[in-house]
Amino acid sequence: VYTSNIYSGTRADLISKIKQAVSSKRFQHILGVEKSAIDLAQKNNYSLEKASIAALVHDYAKERTDQEFKEAILKFNLSSDLLNWNNFIWHGVVGAEFIKTELGIEDEEILNAVRRHTVGDIEMTTLDQIVYVADYIEEGRDFPGVKEARLIAAENLKAAVSFETKHTLQFLMENNKVIYPAAILTYNQWVAGK
Ligand code: GDP
Ligand code: FE
Ligand code: FE
Ligand code: FE
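Notes on the structure follow. Remember, predicted model here, so these are calculated numbers, not experimental data.

### Observations concerning the environment of A51
Inference 1: Residue placement: A51 occurs in helix α3 (residues 48–57).
Inference 2: The class for A51 is buried, based on a relative accessible area of 0%.
Inference 3: Apart from the residues within four sequence positions on either side, A51 is in contact with A37, I38, A41, Y46, L127 and I130.

This is the structure we're talking about:
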């Protein structure tokens, strides 16, 4: 049972809503992110309940169609530049609007953590950092560097944000992927320290 009034139901209610919205593979990822987020919250003296809710909803909208996202960008008057991007950027920034309207979660700290979970931001709250890092290190992730990321995260949350930002950008560049401009701003702040 959640004691805050961020979500109107129990954790079990929230979980059943999320389970309905995504594939079983993604649902397992989401539970892994929740576990990691709670662990990071504990280590960083942050609310376990907020960490749990933010982690459970972070990929809520990941499996919506491009068409749904485009309609939502117009409906919620979000920046029209978003129309030039795709699911990887929409599921957080636009996904937050689905979380608000469909799940009734209006807590801006939680919604911002969802908005920032894919590319981060210049300024990131403790909750933003927790979700960003938990998404990267959850137990189901398996990529070169994930073990090191977990070790760093266990010691120092900000250092883990830096590590993740650098390695994600490196990975994208090695694969000739387009870099979302805001990801460069995150890099400048968290990796280059500028
Ligand atoms: P997930 O939703 O749990 O799969 O994880 P994320 O929300 O962190 O990332 C979604 C996808 O976006 C991943 O495949 C990332 O590698 C990718 N991604 C993150 N930043 C960028 C970027 O700047 N450019 C591109 N092309 N992809 C990115
Ligand atoms: Fe995501
Ligand atoms: Fe991520
Ligand atoms: Fe995720």
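### What to know about the packing of helix α1 (residues 11–21) against helix α2 (residues 24–43)
Inference 1: Orientation of α1 relative to α2, taken along the N-to-C sense of each, is 145 degrees, at an axis distance of 10 Å. Crossing of α1 over α2 shows right-handed handedness. Two secondary-structure elements touch here, α1 through R11, I15, I18 and K19 and α2 through F27, I30, L31 and E34.

### As for the coordination of the iron ion (ligand 4)
Inference 1: Protein coordination at the iron ion (ligand 4) comes from H29 (NE2), H58 (NE2), D59 (OD) and D135 (OD), with a distance range of 2.2 Å.
Inference 2: Written as a sequence motif, the donor arrangement for the iron ion (ligand 4) is H-x28-H-D-x75-D.
Inference 3: Between the iron ion (ligand 4) and the iron ion (ligand 2), both coordinated by D59, there is a metal-metal distance of 3.5 Å. With H29 in helix α2 and D135 in helix α8 (residues 126–137), the pair connects residues that are 106 residues apart, well separated along the chain. Both residues of the pair, H29 and D135, count as buried.

### Points about the packing of helix α10 (residues 157–174) against helix α11 (residues 181–190)
Inference 1: Contact geometry for α10 and α11: axes closest at 9 Å, N-to-C directions at 135 degrees. Between α10 and α11, the angle falls in the class oblique. Considering how the two elements wind past one another, α10 and α11 form a crossing that is left-handed. Where α10 approaches α11, its residues K158, V161, S162, T165 and L169 are matched on the opposing element by A183, I184, T186, Y187 and W190.

Reading the values: the criteria
Residues numbered from 1 in each chain as written. Chains lettered and ligands numbered in written order. Predicted model: local features only at pLDDT ≥ 70, side-chain atom pairs only at ≥ 80, totals over all residues. Heavy atoms only, no water. Helix = DSSP H or I, 4+ residues; strand = E, 2+ residues; numbered from the N terminus. Buried < 20%, exposed > 50% of the residue type's maximum accessible area, 1.4 Å probe, protein only. Contact = heavy atoms within 4.5 Å. Axes fitted to C-alpha atoms, helices over the stretch in contact; angles between N-to-C directions. Left-handed = near helix turned anticlockwise from the far one by under 90°. Donors = N, O, S within 2.8 Å, 3.2 Å for Na, K, Ca; no water. Parallel < 35°, antiparallel > 145°, perpendicular 65-115°, else oblique.

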